[in-house]
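Observations on the model geometry
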Amino acid sequence: MLKKLLRGISTVALVSVALPSMAATTDLSYYLPTDVTYDPSITKPSEILGHEVGEWHARHDLIVRYMEVLAEESDRITFEVTGRTHEQRPLVLLTVTAPENHSNIEDVRQRHLAAADPKRDADPDNTPLVMYMGYSIHGDESSGSNAALVFAYYLAAAQGDAIEQVLQDSVVLLDPSFNPDGLARFAQWANQHRGQNLVADSNHREHVQPFVRGRVNHYWFDMNRDWLLLQHPESRARVANFQKWKPNVLTDFHEMGTDSTFFFQPGIPSRKNPITPDENVRLTEILAAEHADSLDELGNLYYTEESFDDFYYGKGSTYPDVQGAVGILFEQASSRGHLQESINGEVEFPFTIRNQFITSLSTIYGAHKNKARFIQFQEDTYDRWMEMGDDARFDGYLIGEETDANRLEGLLDILKQHQVEAYRVEKTVETDGKRYVAGKSYFIPAEQPQFGLIQGMFSTRKNFPDNTFYDVSGWTLPMAFNLQFSQYRGRISVADQAWEEPMREAYELTDDAYAYAFDWNDYLAPGLLQELLEQDIHARQSYKPLTLETPDGIKELSPGSIVVTQAYQQHDWAKVREVLAAAARERDIPVVSVESGLTPEGIDLGSRNINPVNEPKVMMLTGDGVNLYEAGEAWYYFDRHVGLPLSMVDTDRLGRVDLQKYSHILMVDGSYYTLGDSDKEKLNQWVNNGGVIIGQQGGAEWLTENGLLRAKWVADDVYESAFDSTGMSYGERDDFYAKRRVAGAIFNMDVDTTHPLMFGMPRGQMPVFKDELNAMEVPVSPFVSVASYNQEQPLLSGYADQRNQDVLKGKANIVAHRLGGGHAIGFADNINFRGFFWGTAKLLSNAVYLAPAIAAYAEPIEDKKAADEEAAEAAH
């Protein structure tokens, strides 16, 4: 389709650039169109950077300063700080348009938003085009942010009818760095290894980053997977800008392998999300023709339609596609430094910058040339969602969680940021075998402008035309938060305003209370406990349900609940009350006052089933051989949600560390190939002496291989034997291997809610994210298996071949047992995937705080194997 379009469409050359080599010229003439004049009063990037663009990797602070200078000098540009990163770097946005538009910018915005509002009619001749130009969401793909310097200069200084007309009719939102923390980290790395003589050798240290690469943000997350999930300030600021302006086009400039050339969308046609309108693809093809024309002028190589997909709505190039906009992914072969060898010759940093800049120009000019069609697409899309919502077989979605308002509010907050209207339910509703309690449930109407995005968020689709996925195939948000949800048809009583907060119980802490207590059900309960421990407040955790007498009547709390008694406190009781009340108020967790240690039924407060909690000292292994993303997700959870200071120790330093300082050690996914025999023995001794070791995915497998976790993993050949390639052609190879993997899907696990690891979990089934074919045989030893994949319907959302599902049915994915004086806990899955799987993330806290409650021992696997062989031989 695209190739026909390129032959048939009449394009106008937007840029005409001479082809000097990078060595011959290092000034702006290498990048800029030669047939354009430039305002000499506008400061050039080199005057702020202290070097030419592409000579060094520009530091983020200097990029920001240059943007400030342009805003000071040009009446086309305004500058604003829209947020701060975790490391407190500014997130900046330039608004670029004609000076007369700036004088009435709110009217310009409102005229544009009319096209995205089904209740208003947009005037095609008077509706501005809005383009959001964003760069380098992966910090070590820095040609984008360096190109933004040249692009910003062009927007400020270029003269002539072409640019004047674009700015008269359009607003360009320029976001020069989607990921400032990662960009700064990589600029420092690349620059500190740059010599006067550039080294192209791919083995040179400049091109081989250490464990924490520039790709990720402060907490080691891939920020291009967070557009929908909004777990980080960079994403929240970015999406706030998107929803404020609702652009027609959004660019997402990346880099890829050095041996590649240059990619721009459309991607693989069969891998478009079915919800995305077809017109989105046609508009992408129109812009692709403009990019091709510009790159043809330079004689540069490029390709389309062979790589990448447009399926997951959490990526920058796909998030706009369901909201009346066109997201464009650009992928430039990376120099990953200043100069690097490739199969195509040496890749120079300025060359990579120029491609990103040239296609920035082809984007704004190409979109402007087709302005009416982009505006019409936006208007048609939002009208279509309203019509589809009205015609749907249901009136909306119900979501709810009776036991945990904070987990419910976590999802509600995401919906609000995406402008998805959700109304608190005022009368309890029972449907679909579920109960949606008034004040703790929400109704999300289908008939609203964001119905397309809602479908993407709530989809439970399992079958797809093309089963090959670049990223995940399932991300159903209510499942990630382990909330009940249902499609609902009928009238319902809801609040007048959207996004009202969930109703919460409120109790006064009485001065003369015998004790205070709070339930473990709340997602933030571990954080409240951790703060008490850090404040030297004695807290005890119940391993049984509690029935308590309070001034507000009898209250029942679940196993895992925390009791703060007058006994054993180092502070006076008034101080304890003050600290507890403030910490609970900060987290909106209800705390009850207990009148007596003698309970109406069940255990009393002096029971041996209510034990003191010691402040944990947790170490996580990091470094070579460890999955960077999973380590970052665990760090983020403990740091931001629990408030637990996590010691991170690289694997190559383990032998020099005194493990007696730590109560728990976490090993996330990884190979741990750097750990030697002495490290293994050291860990084994530490666990047997009372330590708690926690493994996740590859980390759990390593524990098994080294005798610390007594579990048997399902062998690879079990999965492989389910697939037969006999008679297949070579052309069927990709499809065959795609079916053999689990491409990021959500599975249903049956859990033992009486097990300490499951305290605070509301139901006997819960969703878990799965992106690897990891599973364990159910242990023979009793009470060791904590959870397993559901026998009847293991797959809840996303793609997994039925043959893989059949293998996984009934297999264990969480095991836990005593080991000597300590404990071993293994998770087959990533329970904190991308930081948004709140439903399972608290299992990490349970593994830390509730490990002492785990009493079951497991029979050694080798002993069991020997016993089986002996029995078989005897029978023979």
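As a reminder, the structure under discussion sits directly above these lines.
Quick summary incoming for the structure in this document. Model, not experiment: these values are computed from the prediction.

Side note on the overall build of the chain
If you tally the helices and strands in the chain, you get 25 helices and 35 strands. Based on the C-alpha atoms only, the size of the chain along its principal axes is roughly 85 × 65 × 60 Å. Out of the 876 residues in the chain, the part that is buried amounts to 61%. Counting only contacts in the chain whose residues sit at least 6 apart along the sequence, the fraction spanning at least 24 positions is 79%. Just so you have it, the chain exposes about 33,200 Å², and 44% of that area is on carbon and sulfur atoms. Taken together, the 77 basic and 129 acidic charged side chains of the chain have centroids lying 2 Å from each other.

Overview of the packing of helix α16 (residues 525-534) against helix α17 (residues 573-587)
Closest axis-to-axis distance for the α16/α17 pair is 10 Å, and the angle between their directions is 150°. Taken together, the axis directions place α16 and α17 in an arrangement best described as roughly antiparallel. Judged by the sense of rotation from one axis to the other, the crossing of α16 with α17 is right-handed. Listed contacts from α17 to Gly 527, Leu 528, Glu 531 and Leu 532 of α16 are Val 579, Leu 580, Ala 583, Ala 584, Glu 586 and Arg 587. Counted by class, the contact of α16 with α17 contains six nonpolar, one polar and three charged residues.

Some remarks on the side chain of Ser 170
Within the secondary structure, Ser 170 is located in strand β6 (residues 170-175). For Ser 170, a relative accessible area of 0% puts it in the buried group. Sequence-distant contacts of Ser 170, defined by excluding residues within four places in its chain, comprise Val 96, Thr 97, Asn 101, Leu 129, Met 131 and His 368.

Comments concerning the pairing of β6
Counting buried residues in β6 gives six out of six residues, a clear majority hidden from the surface. Alternating residues of β6 divide into Ser 170, Val 172 and Leu 174 and Val 171, Leu 173 and Asp 175, and every residue in both groups is buried. One ladder, built from three bridges, connects strand β3 (residues 90-96) with β6; its direction is antiparallel. The residue of β6 that forms the bridge with Val 96 is Val 172.

With respect to the pattern of salt bridges
Overall, the coordinates contain 40 salt bridges when judged by the stated rule. The closest approach of N and O atoms between Asp 735 and Lys 739, which form a salt bridge, is 3.6 Å. Note that Asp 735 and Lys 739 are positioned in helix α22 (residues 733-740) at a spacing of four residues, about one turn of the helix. Each of Glu 141, Arg 215, Asp 222, Arg 225, Asp 471 and Arg 834 takes part in a single network of salt bridges with overlapping partners.

A few points about the nonpolar core
The biggest cluster of nonpolar side chains holds 180 residues, and the ones touching the most others in it are Ile 693 and Ile 825. Examining the composition of this core, we find that eight residues originate from one element, helix α18 (residues 628-642), more than from any other. When near neighbours in sequence (up to four residues on either side) are disregarded, Ile 693 contacts Ile 665, Met 667, Leu 683, Trp 686, Val 687, Leu 703, Leu 708, His 823, Ala 824 and Ile 825. Judged by nonpolar contacts, the second largest core, of 69 residues, contains Leu 94, Ala 157, Leu 298 and Leu 361.

Considerations on α17
The α-helix winds at 3.6 residues per turn, so residues separated by three or four positions along the chain end up facing the same way. If you check α17, its first and last C-alpha atoms are 21 Å apart, about what 15 residues at 1.5 Å a residue would give, namely 21 Å. Residues of α17 that are buried: Trp 573, Val 576, Val 579, Leu 580, Ala 583, Ala 584 and Arg 587. The arc that holds every buried residue of α17, seen down its axis, measures 130°, which confines them to one face. The outward face of α17, more than 90 degrees from its buried face, is lined by the exposed residues Ala 574, Arg 585 and Glu 586. On its buried face, α17 sits against α13 (405-417), β19 (515-518), α16 and β23 (562-565). Where α17 begins, one side-chain oxygen reaches toward the backbone nitrogen of Ala 574, 3.2 Å away; that side chain belongs to Asp 572. Following α17 by one or two positions, Asp 588 adopts a phi angle in the positive range, close to 55°.

Here we look at the pairing of strand β9 (residues 326-333)
Across the eight residues of β9, eight count as buried, placing the element largely inside the fold. Residue alternation in β9 divides its side chains into two sets, Val 326, Ile 328, Phe 330 and Gln 332 and Gly 327, Leu 329, Glu 331 and Ala 333, and both sets are buried. Across eight bridges, the pairing between strand β7 (residues 249-256) and β9 is parallel. Note that in β9 the partner of Thr 251 across the bridge is Ile 328. Pairing of strand β8 (residues 262-264) with β9, which is carried by three bridges, proceeds in the antiparallel orientation. Directly across from Phe 263, in β9, lies its bridge partner Glu 331.

Rules and cut-offs
- Here, residues in each chain are numbered from 1, in the same order as that chain's written sequence.
- pLDDT decides what is reported in this predicted model: residues at 70 or higher carry local features, side-chain atom pairs at 80 or more are listed and counted, and totals for whole chains, interfaces and linings draw on all residues regardless.
- Hydrogens are left out, water is left out, and the side-chain values use all remaining heavy atoms of the structure.
- What counts as a helix is a DSSP run of H or I of at least four residues, what counts as a strand is a run of E of at least two, and both are numbered from the N terminus.
- Accessibility here uses a 1.4 Å probe with only protein chains present; expressed as a share of the type maximum, an area under 20% marks a residue as buried, one over 50% as exposed, and anything in between as partly exposed.
- Only heavy atoms enter the contact rule, under which two residues are in contact if any of them lie within 4.5 Å.
- What sets the accessible areas is the Shrake-Rupley method with a 1.4 Å probe; for residues, cover comes only from the shown protein chains.
- In this tally, Lys and Arg are treated as positive and Asp and Glu as negative; His is ignored, and so are the chain termini.
- A charged residue contributes its charge at one atom only: NZ of Lys, CZ of Arg, CG of Asp or CD of Glu.
- Fitted lines through C-alpha atoms serve as axes, helices being fitted only where they are in contact, and the angles separating the N-to-C directions of these axes extend from 0 to 180 degrees.
- Just so you know how the angles are binned, under 35 degrees is roughly parallel, over 145 roughly antiparallel, 65 to 115 roughly perpendicular, and the rest oblique.
- In this scheme, a crossing is called left-handed if the near helix is turned counterclockwise away from the far one by less than a right angle; it is called right-handed if the turn is clockwise.
- Three residue categories are used. Nonpolar comprises Ala, Val, Leu, Ile, Met, Phe, Trp, Tyr, Cys and Pro, charged comprises Asp, Glu, Lys and Arg, and polar comprises the others, including Gly.
- Here, a strand pair is defined by DSSP locating no fewer than two bridges between the strands.
- In what follows, salt bridge is the name for a side-chain nitrogen of Lys or Arg lying within 4 Å of a carboxyl oxygen of Asp or Glu.
- Throughout, nonpolar core names a set of buried Ala, Val, Leu, Ile, Met, Phe, Trp, Tyr and Cys residues whose side chains join them through atoms within 4.5 Å.
- Expected helix span is computed as 1.5 Å times (number of residues minus one).
- Picture the helix axis, draw a direction to every C-beta atom, and the arc is the one those directions span.
- Pairs of N or O atoms are called polar contacts if they sit within 3.5 Å, as long as, within protein, a hydrogen donor faces a hydrogen acceptor (for residues adjacent in sequence, only side-chain-to-side-chain pairs).

Bear in mind that shape data such as this cannot, by itself, settle questions of function.
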